[in-house]
Structures are given as C-alpha cells and as structure tokens.
Amino acid sequence: MMATQAFAVNGAKVYIIGRTKEKLDTVVKTYGKDIPGSIHAIQGDITDKKDIARIYDEIKSKEKFVSVLINNAGISSNTLTTEAKTAEEMKSNLFDNADSNIEDWVDTYRTK
Ligand SMILES: NC(=O)c1ccc[n+]([C@@H]2O[C@H](COP(=O)([O-])OP(=O)(O)OC[C@H]3O[C@@H](n4cnc5c(N)ncnc54)[C@H](OP(=O)(O)O)[C@@H]3O)[C@@H](O)[C@H]2O)c1
C-alpha cells in the first residue's frame, strides 16, 4: 500500500493486484483521488497461473511497458508460540501443535 501511494502521488500510473476486489476498490477510492498519478485495480490470485496470464494480458492490452514490478503478495502462516522454557516445550509449541502443518507451510510459501 505504501509503495502504491509513493508511486501514485509522484505521478505514476499504478496497477494493484490482490484476490479481494473490495480491498482493491477501497484503495482506489481512498488514495486514488486528486493525485498526480493514478491507481487501477485488477483482481487476481498470483498462485493461479490462469490468473497470472489474465493479469498479464489485461496490462499488456493497456500499456506499452511496465517500469517497476513489485512482487509483495504474502500471507501469514498460523501463529505459533515461540517462547519456551525447555526444548520439550518448544517442540510441543512448534511441532506438535496441530496448527503447525505442511499445508500451512505450503500455502505460505506458494504465495511467496
Ligand atoms: N508486515 C510485516 O511486518 C512483514 C514482515 C516481514 C515480511 N513481510 C512480508 O511482506 C509482504 C507484505 O506484507 P504486508 O504486511 O503488507 O501484508 P498484507 O498487508 O497482508 O498485504 C499482503 C497483500 O498480498 C495480497 N495477497 C495475498 N495473497 C495473494 C494472492 N494469492 N494473490 C494476490 N494477492 C495476494 C493481499 O490481498 P488479498 O488477501 O486480497 O489477496 C494483500 O493485499 C508479505 O509477503 C509479508 O510476508 C511483512
């Protein structure tokens, strides 16, 4: 968001991408008014190749080039307690906890 604002208030045309259209529309509405540049929303999921191709096609149809590309999409993995008094307690917190699972790691790293 801060990168979007920094570029747009300095005159850049900025495309923002995310999965949630409402969030994107809020950014356009809140930060896209009365500025030298402009902000444009494209809804899409960057873990989906079809969506990436669609986003590419949409921007290609409107622009001759992209000057700066910021890949910053991210999700947080499940929150785990990292403080522990013993190694056993740490194992219990970080490994045995049901929230600590391969699916959660894969979801997080797939996005990154
Ligand atoms: N904030 C921190 O303290 C911190 C620290 C270290 C690293 N980071 C990393 O910095 C990056 C940005 O963090 P942030 O705090 O700005 O996070 P944020 O406010 O949650 O923003 C993440 C953005 O990524 C979008 N996104 C998530 N999954 C997506 C997907 N599959 N396709 C398209 N867009 C997707 C989200 O929108 P939708 O959910 O609508 O898709 C959201 O706009 C992340 O990679 C994060 O892991 C943050």
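What counts, and at which threshold
Residues numbered from 1 in each chain as written. Predicted model: local features only at pLDDT ≥ 70, side-chain atom pairs only at ≥ 80, totals over all residues. Heavy atoms only, no water. Helix = DSSP H or I, 4+ residues; strand = E, 2+ residues; numbered from the N terminus. Contact = heavy atoms within 4.5 Å. Areas by Shrake-Rupley, 256 points an atom, 1.4 Å probe, with all protein chains shown as cover. Lys, Arg positive; Asp, Glu negative; His and termini not counted. Charge placed at Lys NZ, Arg CZ, Asp CG, Glu CD. Buried < 20%, exposed > 50% of the residue type's maximum accessible area, 1.4 Å probe, protein only. Arc of directions from axis to C-beta. Domains from an automatic or database assignment. Salt bridge = Lys/Arg side-chain N within 4 Å of Asp/Glu carboxyl O. Polar contact = N/O pair within 3.5 Å; in protein donor to acceptor, adjacent residues only side chain to side chain.

Draft legend 1. Structural detail: the overall build of the protein chain. Scanning the protein chain for helices and strands turns up five helices and two strands. Secondary structure elements in the protein chain, listed N-terminal to C-terminal, are α-β-α-β-α-α-α. Expressed along its principal axes, the backbone C-alpha trace of the protein chain runs to roughly 55 × 30 × 25 Å. Considering only contacts in the protein chain between residues 6 or more positions apart, those separated by 24 or more positions represent 54%. Carbon and sulfur atoms make up 54% of the accessible area of the protein chain, which totals about 8700 Å². Taking the average location of the 16 positive side-chain charges in the protein chain and that of its 17 negative ones, the two points are 9 Å from each other.

Draft legend 2. Structural detail: helix α5 (residues 102-111). For α5, the full list of buried residues reads Asp104, Thr108 and Thr111. An end-on view of α5 places all buried positions within 70° of arc, on one side of the element. Within α5, the exposed residues directed more than 90 degrees away from the buried face are Ile102, Glu103 and Tyr109.

Draft legend 3. Structural view of the domain arrangement of the protein chain. What the domain assignment lists for the protein chain is domain 1 (2-62) and domain 2 (75-112). Measuring from the centre of the C-alpha atoms in domain 1 to the corresponding centre in domain 2 gives 32 Å.

Draft legend 4. Region of interest: the pattern of salt bridges. According to the stated counting rule, one finds six salt bridges in the structure shown. Put simply, Lys91 and Asp96 hold a salt bridge, and the shortest N to O gap is 3.1 Å. Judged by relative accessible area, which is 39%, Lys91 ranks as partly exposed.

Draft legend 5. Region of the structure containing unusual backbone geometry. At Asp34, a position not held by glycine, the phi torsion is positive, near 50°. Take Asp34: it is sitting in the loop between α2 (21-31) and β2 (38-43).

Draft legend 6. Inspection of the side chain of Ser100 at higher detail. Tracing the backbone shows Ser100 in the loop between α4 (87-96) and α5. On the basis of relative accessibility, which here comes to 12%, the residue Ser100 falls in the buried class. Side-chain polar atoms of Ser100 contact the backbone oxygen of Leu94, separated by 2.7 Å. Each residue touching Ser100, except ones within four places of it in the same chain, is listed here: Leu80, Leu94, Phe95 and Trp105.

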